[in-house]
Amino acid sequence: MSRSDLYARFYEIIQKIPYGRVATYGQIAEMAGFPGYARQVGYALNASPGDLDLPWHRVINARGMISIKSGGPYANVQRLLLEAEGIEFDQKNRLSLKKYRWDPEISRGS
DNA sequence: GCAGTGACTAGTA
DNA sequence: ATACTAGCCACTG
């Protein structure tokens, strides 16, 4: 299993996250068949080329917060993109995983 | 090969 | 609820 295969697997899962929904790093790693690889999911996104049309902004940490180091150019972009999809943040910049977390078992069909 | 690092997490206090 | 710790594992120097 090469690095690019691993990353490609993560991208594959991330592209399935529906509009207006989010998934955690650990969740994506697990769905890709690599439980415990949460950090690598983040790393894969950091290294992802921009031309993949990947909904990277729908990937957040297990606490429902944006994990990009504040001060970076993308931290604020992610929040704006999520809000544009109807996702609301509370006063602590945290969103409700209960409401917005992508559950493929429930969202199947359509 | 070793040591430090990080878009992570689950535990513990 | 918040803060800190210890695992985690690929990447980098």
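Since the model is a prediction, treat every value here as computed from it, not as a measurement.

About the criteria used
- Residues numbered from 1 in each chain as written.
- Chains lettered and ligands numbered in written order.
- Predicted model: local features only at pLDDT ≥ 70, side-chain atom pairs only at ≥ 80, totals over all residues.
- Heavy atoms only, no water.
- Near = heavy atom within 4 Å.
- Polar contact = N/O pair within 3.5 Å; in protein donor to acceptor, adjacent residues only side chain to side chain.
- Helix = DSSP H or I, 4+ residues; strand = E, 2+ residues; numbered from the N terminus.
- Contact = heavy atoms within 4.5 Å.
- Salt bridge = Lys/Arg side-chain N within 4 Å of Asp/Glu carboxyl O.
- Buried < 20%, exposed > 50% of the residue type's maximum accessible area, 1.4 Å probe, protein only.

A. Expanded view of the protein's contact with DNA strand B. Within the structure, DNA strand B sits among 15 residues, and Arg39, Trp56, Asn61, Ala62 and Ser67 are positioned closest to it. Take Gly26: an N or O atom from its main chain is 3.1 Å from a phosphate oxygen of DNA strand B. For the surface near DNA strand B, the elements supplying multiple residues, two or more each, are α2 (25-31) and α3 (38-46). Here the element with the most residues in the surface near DNA strand B is α3; it accounts for six residues.

B. Highlighting the environment of Leu82. Counting through the fold element by element, Leu82 comes out in helix α4 (residues 73-84). In contact with Leu82, not counting residues within four places along its chain, are Val22, His57, Arg58, Ile60, Ile87, Phe89 and Leu95.

C. Focus on the pattern of salt bridges. Tallied over the full model, the rule gives two salt bridges. Note that Arg58 and Glu85 form a salt bridge whose closest N and O atoms lie 2.8 Å from each other. Here Arg58, found in the loop between α3 and β2 (59-60), pairs with Glu85, found in the loop between α4 and α5 (97-100); they are 27 residues apart in sequence, far enough to count as distant. Residue classification places Arg58 among the buried residues on the basis of a relative accessible area of 10%. For Glu85, a relative accessible area of 12% corresponds to the buried category.

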